[in-house]
Amino acid sequence: MLELKAEPLTAEAFALFGDVIDTRRADWFPINAGRTRRYHDLAKVETLGEGARTLISIFVSQPVEIPLELDFLERHPLGSQAFMPLHEERFVVVVAPPGDEIDPAEVRAFVTDGRQGVNYHACTWHAIQSVLEREGEFLVIDRGGEGNNCDEHPVAVRVTL
Ligand SMILES: NC(=O)N[C@@H](O)C(=O)O
Ligand code: NI
């Protein structure tokens, strides 16, 4: 069993796996006669393969227990997947770099601070949505279309905070 203590999520540490969506760390420009700040193009949306299209969904998730025990990670080979909390929910992120095998030494665990969202790049191995403390509501942007877009890989991970 791989034991990991979750680190605070930062864009730098997450760069190998995807993007951190966070207005506090992003540029913006004014639109709508200056009434709106546009935080523009914050993450790389990928939609690959036959009939690919971008989906906008809402996930309402029940909270996970800590320690969080995982027995697999998953990846989406045909597209990215973004999760943005709608009510400052914190969540646990467990990732490994793209590749057909998962090297336990490369698995990382993070915890968000409520203002952060994540966008997993295509093929990044990740744990399924794991919200903390209370029911969470997330805006999810990912890929629809033909073909299989979800592979699972067994790996035993135990995450503490
Ligand atoms: N299956 C699904 O839509 N969600 C997962 O991909 C996940 O990352 O939670
Ligand atoms: Ni996923």
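To be clear, the structure that these remarks concern was listed above.
Residues numbered from 1 in each chain as written. Chains lettered and ligands numbered in written order. Predicted model: local features only at pLDDT ≥ 70, side-chain atom pairs only at ≥ 80, totals over all residues. Heavy atoms only, no water.

The helix and strand tally for the chain stands at 1 helix and 15 strands. The C-alpha atoms of the chain give a radius of gyration of 16 Å, which matches the 15 Å a tight globule of 161 residues would have. Dimensions of the chain, computed from C-alpha atoms along their principal axes, come out at roughly 55 × 40 × 30 Å. The buried share among the 161 residues of the chain stands at 42%. The long-range fraction of contacts in the chain, counting pairs at least 24 apart against all pairs at least 6 apart in sequence, stands at 84%. Surface accessibility of the chain: about 8,600 Å² in total, with carbon and sulfur atoms responsible for 51%. Seen as two clouds, the 15 positive and the 27 negative side-chain charges of the chain have centres 9 Å apart. (Helix = DSSP H or I, 4+ residues; strand = E, 2+ residues; numbered from the N terminus. Rg over C-alpha atoms; globule rule 2.2 N^0.38 Å. Buried < 20%, exposed > 50% of the residue type's maximum accessible area, 1.4 Å probe, protein only. Contact = heavy atoms within 4.5 Å. Areas by Shrake-Rupley, 256 points an atom, 1.4 Å probe, with all protein chains shown as cover. Lys, Arg positive; Asp, Glu negative; His and termini not counted. Charge placed at Lys NZ, Arg CZ, Asp CG, Glu CD.)

Residues in contact with ligand 1, as listed here, are Phe59, Glu74, His76, Gln81, Phe83, His126, Ile128 and Gln129. One of the side-chain N or O atoms of Glu74 is found 2.5 Å from an oxygen atom in ligand 1. Here an oxygen atom of ligand 1 sits 2.9 Å away from a polar atom, N or O, in the side chain of Gln81. Its free accessible area being 270 Å², ligand 1 has 71% of it covered by the protein chains. (Near = heavy atom within 4 Å. Polar contact = N/O pair within 3.5 Å; in protein donor to acceptor, adjacent residues only side chain to side chain.)

Counting through the fold element by element, Phe138 comes out in strand 14 (residues 136–144). Phe138 sits in the buried class, given a relative accessible area of 0%. Separated by 107 residues in the primary sequence, Phe138 and Ile31 have C-alpha atoms spaced 26 Å apart. Dropping the residues within four chain positions of it, Phe138 is found in contact with Ser57, Ile58, Phe59, Phe83, Met84, Pro85, Leu86, Glu89, Phe91, Gln129 and Val131.

Our next topic: the coordination of the nickel ion (ligand 2). At the metal site, the nickel ion (ligand 2) is ligated by Glu74 (OE), His76 (NE2), Gln81 (OE1) and His126 (NE2), and these contacts range over 2.0 to 2.2 Å. The sequence motif formed by the donor residues of the nickel ion (ligand 2) is E-x1-H-x4-Q-x44-H. The buried category is assigned to Gln81, whose relative accessible area is 6%. (Donors = N, O, S within 2.8 Å, 3.2 Å for Na, K, Ca; no water.)

Okay, the packing of aromatic side chains next. Here the structure, examined in full by the defined rule, presents 6 aromatic pairs. Between Phe14 and Phe110, the ring centres sit 6.0 Å apart and the planes meet at 80 degrees, which makes this aromatic pair edge-to-face. Within this pair, whereas Phe14 is found in helix 1 (residues 11–14), its partner Phe110 is found in strand 10 (residues 108–111), the two being separated by 96 residues in sequence. Phe110 shares its class with Phe14; the two are buried. Note on Phe14 and Tyr120: the rings are 6.2 Å apart at their centroids and 55 degrees apart in plane angle, and the pair reads as tilted. (Phe/Tyr/Trp six-rings, centres within 6.5 Å; stacked < 30°, edge-to-face > 60°.)

Our next topic: the environment of Thr160. Of note, Thr160 is situated in strand 15 (residues 151–160). Judged by its relative accessible area of 26%, Thr160 is partly exposed. Spatially, the C-alpha atoms of Thr160 and Glu69 are 9.1 Å apart, while their sequence positions differ by 91 residues. Sequence-distant contacts of Thr160, that is, excluding residues within four places in its chain, are made with Leu4, Lys5, Ala6, Ile66 and Pro67.

Within the secondary structure, Asn149 is located in the loop between strand 14 and strand 15. One polar contact links the side chain of Asn149 to the main-chain amide nitrogen of Leu78, over a distance of 2.7 Å.

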